[in-house]
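Secondary and tertiary structure notes
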Amino acid sequence: MKALTYHGPHNVKVENVPDPIIEAQDDVILRVTATAICGSDLHLYRGKIPQVSHGDIFGHEFMGEVVETGRDVKDLRKGDRVVIPFVIACGECFFCKLHQYSACETTNPGRGAILNKKEITSPAALFGFSGLYGGVPGGQAEYVRVPKGNVGPLKVPPVLSDDKVLFLSDILPTAWQAVKNAQVGKGSSVAIFGAGPVGLLCAACARLLGAEQIFSIDHNNYRLAFAKERYGAIPINFDDNDDPAAFIIENTTGNRGVDAVIDAVGFEAKGSLTETVLSNLKIEGSSGKALRQCIAAVRRGGVVSVPGVYAGFIHGFLFGDAFDKGLTFKMGQTHVQAWLPELLPLVEKRLLTPEEIVTHYLPLEDAVHGYKVFEKKEEECRKVILVPGA
Ligand code: NAD
Ligand code: ZN
Ligand code: ZN
C-alpha cells in the first residue's frame, strides 16, 4: 500500500510499504477514506521529536471503512464507516475508568520513566506519533491497523460526508476540551493564541458556548481574517503589535484582562522577545512566548487552557505572575473518546461545522505538497485533507 513516511527533517515521501495485518484479536484494519495533516504532525516533520525514526508512517487524524476485524471485536463489521480517535486507550485501566483516555496506562508500555528508582507508566499510545507515543503506524496511508477496536472507533451516520466528521478524530474534541477547560460560557471573554486549525475551532466552540468577546492572535493575516469573518473574533497580528496582551487588557471591561486564555500554539511559538513584560530579562529562545502572553492577558482568578503541545523546558514562564493572579492551568493531550458522545450530535445538528476550515483537498499522492503548504502557510492554507485513491 501507499503511505506517507518520514526520512529526516522536512523530508517525507509517499512510498510503498507492507499492508498492515491483524496483530491482536481486538484489532481492526481500516481502508482510509480521509486523513488530515495536523499542527502536531509538524513537530515530527520538523524533526523536533527525537524519537521519530526513518520510515515511520505519520497521521493521527483519519477515518475509513472497516475491511477486517479480529475475533474479539464486538460491534464492528466489514463495511462499517468509522472515525478513529488519535488516542489509543484500553477502556479498562484506572485512567480510562476516569474517562482520562489520553492517560491510559496500558497502551504505551515502552516508555516507563524511572522516578526515584520506581518505574512510572507512560501516557497513552497515539497513532503516527513515533516511539515517544508507542510507535504505532499512522493513518496517512491507504490502510491502517487500529488497536483497541472495542474502545476507539466511532460509527458515523451515512448522511454526514467525511469532511464533516473527520475532525472528531482530534482537533474538534481538542478545541472542545480547551474551551471547556477554559470554563468558557455565556458572556465570557476569551483570548485564543494561534489561529491554526485548533485555534479556529476553539473560536467556533467558544461562540457556540456563548462567549461574548473573542480575541484571536496570530501573524498570518489570512487566518486572522477567517477568525474575524466566521467567528467574529477581534484579530491581533503579533508582527504589528508585539504585546498583544497589553492590547487585550486595554480592551476588556475594567482593564482587567480576559476571563480565559487558550494557548493553541505550543512550544514552537514564534515571535521576538521585546514584549514590555520581558524587556529587562535576557531570555534566550522564543519557546513559551505564547504562554507568557497568556499569563499576561488573563484576569486575576482566570484560567489558562493549553491545548498546544509542549515538550521539555520552557524559558521565561512567569510563575510568580501566575501565583499573584491566582490562575488555574489546564492542559494536555485530549481525552478524545470522552467528548465524542456530546460532539457527534452537535455536528449532526450543524451547530458545529468544522469542515469550513478546510482549504485543501489533495490525493494522498500529493501529501508532500500538503505538508509544505501547511507548514509554510502558503496558498492561504488552513487545513489539508488527504484522500487516498483520489
Ligand atoms: P498550526 O501550526 O497550523 O497553527 C499554529 C498557529 O499558531 C499558526 O497559525 C502560527 O502562525 C501561530 N503562532 C505561532 N507563534 C505564535 C505566537 N507566539 N502567538 C500566537 N500565535 C502564534 O497548528 P494547529 O494544527 O492549529 O495546532 C496547534 C497546536 O495544538 C500545536 O502545538 C499542536 O501540536 C497542538 N495540538 C494539540 C492537541 C492535544 O491533544 N492537546 C491536539 C491537536 C493539536
Ligand atoms: Zn492532530
Ligand atoms: Zn486504559
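What you are looking at is a predicted structure, and each value in this text was computed from that prediction instead of being measured.

As a further point, take the overall build of the chain. A count of helices and strands for the chain gives eleven helices and 19 strands. For 390 residues, the compact-globule estimate of 2.2 N^0.38 gives 21 Å, and the chain sits close to it at 20 Å. For the chain, the spread of C-alpha atoms along the principal axes amounts to about 60 × 55 × 40 Å. Counting over 390 residues, the chain shows a buried share of 50%.

A word on the site of ligand 1. Around ligand 1 sit 34 residues in total, of which Gly39, Ser40, Gly194, Gly196 and Gly266 are the nearest. Counting residues per element, the ones that place at least two in the shell around ligand 1 are helix 1 (39-45), helix 4 (171-181), helix 5 (197-208), strand 13 (213-218) and helix 8 (289-297). Here the shell around ligand 1 takes four residues from helix 1, the largest share from any one element. Of the residues in the shell around ligand 1, the class split is 15 nonpolar, 14 polar and five charged.

Looking at where Ala233 falls in the secondary structure, it is placed in the loop between helix 6 (221-231) and strand 14 (234-237). Taking the C-alpha atoms as reference points, Ala233 and Ile217, 16 residues apart in sequence, are found 9.4 Å from one another.

In this structure, strand 18 (residues 360-363) lies alongside strand 19 (residues 384-387), joined through four bridges in parallel fashion. When the sheet's bridge partners are listed, Pro363 is paired in strand 19 with Val387. Between the parallel elements strand 18 and strand 19, the chain passes through helix 11 (residues 367-376) in a crossover that is right-handed.

Moving on, we get to helix 11. All of the buried residues in helix 11 are Ala367, Gly370, Tyr371 and Phe374. Mapping the buried residues of helix 11 onto a view down its axis gives an arc of 100 degrees, with all of them on the same face. Contacts made by the buried residues of helix 11 are with strand 1 (2-6), strand 2 (12-16), strand 3 (28-37), helix 1, strand 18 and strand 19. Where helix 11 terminates, the next one or two residues include Lys377, which has phi positive at roughly 55 degrees.

With that out of the way, let us pick up the domain arrangement of the chain. Here the domain parsing of the chain yields domain 1 (2-169 + 335-387) and domain 2 (171-331). Here the C-alpha centroids of domain 1 and domain 2 sit 27 Å apart. Partitioned by chemical class, the residues of the side of domain 1 that touches domain 2 number eleven nonpolar, four polar and seven charged.

Let's shift gears to the packing of helix 5 against helix 6. Across the interface, helix 5 lies against helix 6 with an axial gap of 10 Å and an inter-helix angle of 15 degrees. The orientation of helix 5 with respect to helix 6, classified from their angle, is roughly parallel. For the pair helix 5 and helix 6, the sense of crossing is right-handed. Across from Leu200, Ala203, Ala204 and Arg207 in helix 5, the residues of helix 6 making contact are Phe226, Ala227 and Tyr231. Residue composition of the contact of helix 5 with helix 6, grouped by class: six nonpolar, no polar and one charged.

With 92% of its residues at a pLDDT of at least 70, the chain reaches an overall mean of 92. The low-confidence segment residues 272-280, where pLDDT is below 50, has 14 contacts with residues more than four positions distant or belonging to other chains. Throughout residues 282-286 the model reports pLDDT below 50, and contacts reaching past four residues in sequence, or to other chains, amount to ten contacts. With a pTM of 0.95, the predicted complex shows an ipTM of 0.99.

Here Asn255, not a glycine, exhibits a phi torsion of approximately 50 degrees, which is positive. With respect to the secondary-structure elements, Asn255 resides in the loop between helix 7 (244-250) and strand 15 (258-263). Positive phi is not limited to glycine here, since Glu379 has a value of about 50 degrees. Looking at the secondary structure, you find Glu379 in the loop between helix 11 and strand 19.

Looking now at helix 8. Buried residues dominate helix 8, accounting for nine of its nine residues. Along helix 8, the residues classified as buried are Lys289, Ala290, Leu291, Arg292, Gln293, Cys294, Ile295, Ala296 and Ala297. Tucked inside the fold, the buried residues of helix 8 contact strand 12 (189-193), helix 7, strand 15, strand 16 (298-306) and helix 9 (319-325).

If you trace the six strands from one edge of the open sheet to the other, you get 14-13-12-15-16-17, paired in parallel fashion. Across the chains shown, the open sheet's two edge strands, defined by having one partner strand only, are strand 14 and strand 17 (328-331). Averaged over all neighbouring strand pairs, the angle between strand axes comes to 20 degrees, with direction disregarded. Strand direction decides the pairing type here: strand 13 and strand 14, joined by four bridges, are parallel.

With that settled, consider the nonpolar core. If you look at the biggest cluster of nonpolar residues, it comprises 119 residues, and the most contacted ones within it are Ala175, Val190, Ile192, Cys202 and Val261. The element best represented in this core is helix 5, accounting for eight residues. Built from parts of two domains, this core gets at least three residues from each of domain 1 (2-169 + 335-387) and domain 2 (171-331). Once you skip the residues sitting within four places of it in the chain, Cys202 turns out to touch Ala175, Ala178, Val179, Ile192, Ile262 and Ala264.

Moving on, we get to the environment of Asp27. Checked against the element boundaries, Asp27 lands in the loop between strand 2 and strand 3. By C-beta crowding, Asp27 is classed as buried, having 20 other C-beta atoms within 10 Å.

Rules behind the numbers
- Residues numbered from 1 in each chain as written.
- Chains lettered and ligands numbered in written order.
- Predicted model: local features only at pLDDT ≥ 70, side-chain atom pairs only at ≥ 80, totals over all residues.
- Helix = DSSP H or I, 4+ residues; strand = E, 2+ residues; numbered from the N terminus.
- Rg over C-alpha atoms; globule rule 2.2 N^0.38 Å.
- Buried ≥ 20, exposed ≤ 12 C-beta atoms within 10 Å, placed from the backbone.
- Near = placed C-beta within 6 Å.
- Nonpolar A, V, L, I, M, F, W, Y, C, P; charged D, E, K, R; others polar.
- Pairing = 2+ DSSP bridges.
- Right-handed = clockwise from strand over helix to strand, strands pointing away.
- Arc of directions from axis to C-beta.
- Contact = placed C-beta atoms within 7 Å.
- Domains from an automatic or database assignment.
- Axes fitted to C-alpha atoms, helices over the stretch in contact; angles between N-to-C directions.
- Parallel < 35°, antiparallel > 145°, perpendicular 65-115°, else oblique.
- Left-handed = near helix turned anticlockwise from the far one by under 90°.
- pLDDT = per-residue confidence, 0-100.
- Core = buried A, V, L, I, M, F, W, Y, C linked by C-beta atoms within 7 Å.

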